[in-house]
Amino acid sequence: MNEFIQRLSRMRANETIRSMVRETILSVDDLIQPVFIHHGENVRNEISSMPGQFQWSVDKSIDYVKSLQDCGIKAILLFGIPEKKDPQGTDTWNDKNGIIQNALRALREAVPGMLLITDVCFCEYTDHGHCGLLIERNGEYVLDHDTTLNNLALQAVSHAKAGADMVAPSGMIDGGVGVIRESLDEQGFSHVPIMAYSAKYASNFYGPFRDAAQGSPQFGDRKSYQMDFANSHEAMREIDVDVSENADLVMVKPALSYMDIIYRAKESFKMPTVAYNVSGEYAMVKAAAEKGWLDEEKIVQEIFTSLKRAGADLIISYHAEMAYKFLK
Ligand code: PBG
């Protein structure tokens, strides 16, 4: 009598059959864990707005990164908190003693096999907290894309010299990817890929990160260089530009409120696509889990799987280190 009923539930009857028809499979290979490197020695500061995440001095970071490797994590994204900030962020290209350069050398030696990606930006290194050089225009200080390019190239090359496997420019500086590519190529690093933060929005979800990396703008905001969260066609133009400048991977950031952008990016460009599940997204899950309102592991599994389903190939997340718990 029910000959017209389409029984899609037949394929959901039990876990065996569900696992056979599952369309999206998450793997630890897809995950990248951010790591904050703090100046000094013997530092392990918990970040108050990101419980379970720490700032590590180089010496202390080694055991932590080894523990990530033990959890199956293959790649980390390094952020630095230098001892001294200045208007240009000169620590970023200090070959001898820059915070990231020191971390790269130590981790390269102590944790072989771990893929070391560096965030290439200035906000954690400048005393004004903006992502590049400032100039005065009509009585206001604004970020100057053109003069920032030279420093961006210096930073990326210095990271590559110190052993970075991949560089990730995150400042939304016009022309940044192209200039970094050219400089890396000229200086013998044509093999180092660029993960471009292509569609990076001026987002309120970065709040906790600014505690973690101590890189808040000292005045104003980042709306004149990061994207307006109301826009999506513009994100496709940003990605198009970065692809034309030879980006190897493109990123959408943040992740959860931006799944439409991830989907469009993958559909349009077929590039290796990265979703950055940012600090505020981590903090929301943590807070609810601490209250006992959500099951953290199950929520993280669902978030990661849905980001992949939307089109992300790789996911950067502070929760990456937890994935081994459900990826067996
Ligand atoms: C630096 C940078 C930021 C993040 C990654 N790289 C902060 C910002 O743009 O203000 C945010 C990461 C996060 O919130 O997890 N430009």
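Presented here is a report on the structure given in the accompanying data block. If you're wondering where the values come from, they're calculated on a predicted model, not measured in any experiment. (Residues numbered from 1 in each chain as written. Predicted model: local features only at pLDDT ≥ 70, side-chain atom pairs only at ≥ 80, totals over all residues. Heavy atoms only, no water.)

## Brief notes about the site of the ligand
Around the ligand, a shell composed of 18 residues is seen, among which Lys200, Arg210, Lys253, Ser279 and Tyr318 lie nearest. Residue Arg222 places a side-chain N or O atom 2.9 Å away from an oxygen atom belonging to the ligand. For the ligand, whose free accessible area comes to 400 Å², the fraction covered by protein is 100%. Applying the majority rule of atoms within 2 Å of the grid points places the ligand in the largest cavity. Of the residues contributing to the shell around the ligand, the split by class is nine nonpolar, three polar and six charged. (Near = heavy atom within 4 Å. Polar contact = N/O pair within 3.5 Å; in protein donor to acceptor, adjacent residues only side chain to side chain. Areas by Shrake-Rupley, 256 points an atom, 1.4 Å probe, with all protein chains shown as cover. 1 Å grid on protein atoms, 1.4 Å probe; cavity = no way out; pocket = protein on both sides within 12 Å on 5 of 7 lines; lining within 4 Å. Sits in = over half its atoms within 2 Å of the grid points. Nonpolar A, V, L, I, M, F, W, Y, C, P; charged D, E, K, R; others polar.)

## Considerations on the pairing of strand E7 (residues 140-144)
Looking at chain direction, strand E6 (residues 133-137) and E7 are connected through five bridges and run antiparallel. The residue bridging Glu136 from the neighbouring strand is Tyr141, located in E7. Counted between consecutive antiparallel strands, the loop separating E6 from E7 contains two residues, among which Asn138 sits at a positive phi close to 50°. (Pairing = 2+ DSSP bridges. Helix = DSSP H or I, 4+ residues; strand = E, 2+ residues; numbered from the N terminus.)

## A short note on the pattern of salt bridges
Side chains bearing opposite charge may pair, as long as their charged atoms lie close to each other. Summed over the entire model, instances satisfying the criterion amount to 11 salt bridges. In this structure, Asp295 engages Lys298 in a salt bridge whose closest nitrogen and oxygen atoms are separated by 3.5 Å. Judged by its relative accessible area of 40%, Asp295 falls in the partly exposed class. We classify Lys298 as exposed; its relative accessible area is 56%. (Salt bridge = Lys/Arg side-chain N within 4 Å of Asp/Glu carboxyl O. Buried < 20%, exposed > 50% of the residue type's maximum accessible area, 1.4 Å probe, protein only.)

## Quick word on unusual backbone geometry
Pro254 follows Lys253 through a cis peptide bond whose omega is -10°. Summarising the element assignment, Pro254 is placed in the loop between strand E10 (249-253) and helix H8 (259-269). Phi at Asn42 is positive, roughly 60°, even though this residue is not glycine. Tracing the sequence through the fold places Asn42 in the loop between strand E1 (31-38) and strand E2 (44-46). For Asn246, which is not glycine, the phi dihedral falls at a positive 80°. With respect to the helices and strands, the residue Asn246 is situated in the loop between helix H7 (233-244) and E10.

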